[in-house]
Number of protein chains: 2
Amino acid sequence: MSITVYGFWRSIASFRVRVALRLKGLPFEEIPIDILSGEQFEPGYKAVNAERVVPTFIHDGHSIFQSLAIIEYLDDIQPTPKLIPGDIKERAYARSLALTTIADVHPLTVPRVRNHLATTFGADAGAIEEWGKHWTVEGLATYERLLAQRAPAPFALGAEPGLADICIAGQVVGAHYLKLELGAYPVVSRLAERCFAMPAFATSHPFEQPEYKTANRLV
Amino acid sequence: MSITVYGFWRSIASFRVRVALRLKGLPFEEIPIDILSGEQFEPGYKAVNAERVVPTFIHDGHSIFQSLAIIEYLDDIQPTPKLIPGDIKERAYARSLALTTIADVHPLTVPRVRNHLATTFGADAGAIEEWGKHWTVEGLATYERLLAQRAPAPFALGAEPGLADICIAGQVVGAHYLKLELGAYPVVSRLAERCFAMPAFATSHPFEQPEYKTANRLV
């Protein structure tokens, strides 16, 4: 099986897909699309992904976009280890936790939104950073409240990491970008530590990607 | 089976869940949570949904949040009519189309973001409306490009409406709020017309909800 991922070192959605592939032990090639410089808007990439976002996942020539759709697909084609539980209520809980960042927090902090704040409201770098901090803190606080209702044991749904942990870890990556203190979110923080102790998470962290290591730009 | 949905007439995520329930013929009670006046932040609702968003779906006492997680759950407990196809590649396509608005467009236009633009950048009503138009137009244009690659036949995935159509129709509801012309998006527009010709969609439209009809406020 041949897997290619068009991704970007800094993209949290690309991070999620990297972790899922590595938890399943599926080898893949990552082709970088620099979404900070706007490579996703070039005609060549539009042919790959008409939404013009990363990641795009190509499996034996078949293309899928959106990180959650990709992770669900991975669970369908390679059921072990399962990232989304088989039990109907547990599946729903995993997806609810995943969508908390996918649908409500992460979208507010991506480059096209930051750029639009600058062009529309004249937001400078400081104001854009404050915007990112506001929503990232909201996301962390939300996860802390959610995990207080059902404690991780030790991962969000039980003994093994899965979709929910991948997404919560991605939210914590957002906090790393902004150098946020995690002391107010102890349950989230411990969950993320547990995740990043695993090679699948650690090697997928944006700061471990070759493009980050060679980049001269600031994150 | 007893189903309760905490929702709001104007919430597009609540619209999605209403349509899914009606397509499946499942009766439900909707309890309004006014997210424009901030009812979602009251302690009573925090106990219902620690993320403090709508919708929250309660099935025989079991609670699920996030519209996509709810619709997936509905497909699990009531498989006919299926809203998400059984074929692995088709499932992935349905979810990719759904997430285009769920993860990338709709989150940018919700009340808490509009309020934050006002308090942070001093955005007035006109600037907030322009912000909403910008992202809604982006979403419509993205769907038009995506549907140009695989024409609806007549719904996004085939003969019957499903998850993808629900989400695209929700994006069109966003255009209705902003009184946007749909002429530049003929394929999206025809798909939405086909959807809103069906009672499950038509009766779920925000402008058909009792709270809208009696509300004195502007949308």
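Anyway, here's the lowdown on the structure attached to this text. What you are looking at is a predicted structure, and each value in this text was computed from that prediction instead of being measured.

A few words on the nonpolar core. With 116 residues, the main nonpolar core has Ile-168 of chain A together with Ile-168 of chain B as its most contacted residues. With residues up to four places along the chain from it excluded, the contact list for Ile-168 of chain B reads Leu-97, Tyr-143, Ala-156, Val-188, Leu-191 and Ala-192 of chain B. Of all hydrophobic cores here, the second largest spans twelve residues; its members include Trp-135 of chain A together with Leu-108, Val-113 and Trp-131 of chain B.

Positionally, Ala-50 of chain B belongs in the loop between α2 (43-48) and β3 (56-59). Between the C-alpha atoms of Ala-50 of chain B and Thr-203 of chain B, which are 153 residues apart in sequence, the distance is 29 Å.

Turning our eyes to something else, we now look at the pairing of β3 of chain B. All names here are of chain B. Across four bridges, strand β1 (residues 3-7) lies against β3 in antiparallel orientation. Each bridged residue has a counterpart across the sheet, and for Ile-3 the counterpart in β3 is His-59. Sheet topology places β3 next to strand β4 (residues 62-65); four bridges connect them, and they run antiparallel. Counted as the bridge partner of Ile-58 is Ser-63 from β4. From the end of β3 to the start of β4, which pair antiparallel, there are two residues, and Asp-60 there has a positive phi angle of about 45°.

So, on to the interface of chain A and chain B. Counting residues at the interface gives 37 residues for chain A and 37 residues for chain B. For the side of chain A that touches chain B, the secondary-structure elements that each account for two or more residues are β4 (62-65), α3 (67-77), α4 (88-104), α5 (111-121) and α6 (125-149) of chain A. Here the element with the most residues in the side of chain A that touches chain B is α4 of chain A; it accounts for eleven residues. Across the side of chain A that touches chain B, the residue classes tally to 20 nonpolar, nine polar and eight charged.

Definitions and cut-offs
- Residues numbered from 1 in each chain as written.
- Chains lettered and ligands numbered in written order.
- Predicted model: local features only at pLDDT ≥ 70, side-chain atom pairs only at ≥ 80, totals over all residues.
- Core = buried A, V, L, I, M, F, W, Y, C linked by C-beta atoms within 7 Å.
- Buried ≥ 20, exposed ≤ 12 C-beta atoms within 10 Å, placed from the backbone.
- Contact = placed C-beta atoms within 7 Å.
- Helix = DSSP H or I, 4+ residues; strand = E, 2+ residues; numbered from the N terminus.
- Pairing = 2+ DSSP bridges.
- Nonpolar A, V, L, I, M, F, W, Y, C, P; charged D, E, K, R; others polar.

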